[in-house]
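Observations on chain architecture
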Amino acid sequence: MALATARHILVNDEAKCNELKAQIEAGADFADVAKQNSNCPSGAKGGDLGQFGPGMMVPEFDKVVFSAPVNTVQGPVKTQFGYHLLEVTSRS
């Protein structure tokens, strides 16, 4: 089974998500942005979600995590929780 590690930032609206993505693409540290802005408890750990396999996250998440390039910020990805920026940090 495929396994991935990823980190994310969760916010309530798409505009905020795009704003944070622009900050990261301009050189801001993903973990720092997550700590300051994420609505998810994982934000305290820089957005780190640890290791997981397919089906352990919501389908919209899985689709990105198991297909996107590693170490590239993806999003906004909309789920029932809000808008996410995702970064796959490893996949095997």
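Notes on the structure in this doc start here.

Rules of the game
- Residues numbered from 1 in each chain as written.
- Predicted model: local features only at pLDDT ≥ 70, side-chain atom pairs only at ≥ 80, totals over all residues.
- Heavy atoms only, no water.
- Helix = DSSP H or I, 4+ residues; strand = E, 2+ residues; numbered from the N terminus.
- Buried < 20%, exposed > 50% of the residue type's maximum accessible area, 1.4 Å probe, protein only.
- Salt bridge = Lys/Arg side-chain N within 4 Å of Asp/Glu carboxyl O.
- Contact = heavy atoms within 4.5 Å.
- Pairing = 2+ DSSP bridges.
- Axes fitted to C-alpha atoms, helices over the stretch in contact; angles between N-to-C directions.
- Polar contact = N/O pair within 3.5 Å; in protein donor to acceptor, adjacent residues only side chain to side chain.

The omega torsion of the bond from Gly75 to Pro76 falls at 10°, within 30 degrees of zero and hence cis. Its location among the elements puts Pro76 in strand E3 (residues 73-79). We note that Asn71 has phi near 65°; this positive angle belongs to a residue other than glycine. Under the relative-accessibility criterion, Asn71 is labelled exposed at 52%.

Within this structure, the stated rule accounts for two salt bridges. When the shortest N-O distance is used, the salt bridge between Lys16 and Glu19 registers 3.7 Å. Of this pair, Lys16 and Glu19 are both found in helix H1 (residues 14-25), three residues apart, which corresponds to roughly one turn of the helix. Judged by its relative accessible area of 27%, Lys16 falls in the partly exposed class. On the basis of relative accessible area, Glu19 is assigned to the partly exposed category, the value being 40%.

Further remarks concern the environment of Leu20. On the secondary structure map, Leu20 appears in helix H1. Using a relative accessible area of 1% as the deciding quantity, one classes Leu20 as buried. Each C-alpha atom, one on Leu20 and one on Glu87, is 13 Å from the other, the two residues being 67 residues apart in sequence. Not counting the four nearest positions on each side in its chain, Leu20 is found in contact with Ile9, Val11, Val33, Asn37 and Leu85.

All right, on to the sheet that holds strand E2 (residues 48-52) then. The pairing of strands in a sheet happens through backbone hydrogen bonds and is either parallel or antiparallel. The strand order across the open sheet built from four strands is E2-E1-E4-E3, with neighbouring strands paired in antiparallel fashion. The two strands at the open ends of the sheet, each matched to only one other strand, are E2 and E3. Taking each pair of neighbouring strands and ignoring which way they run, the sheet shows an average axis angle of 35°. Of the strand pairs in this sheet, E3 and strand E4 (residues 82-91) are connected by five bridges, and their pairing is antiparallel. Pairing of Val73 across the sheet is with Glu87, part of E4.

Turning to the environment of Asn39, a few remarks are in order. By the secondary structure assignment, Asn39 is in the loop between helix H2 (30-37) and E2. Spatially, the C-alpha atom of Asn39 lies 16 Å from that of Phe61, the residues being 22 residues apart in sequence. When near neighbours in sequence (up to four residues on either side) are disregarded, Asn39 contacts Leu10, Val11 and Asn12. At a separation of 3.1 Å, a polar atom in the side chain of Asn39 contacts the side chain of Asn12.

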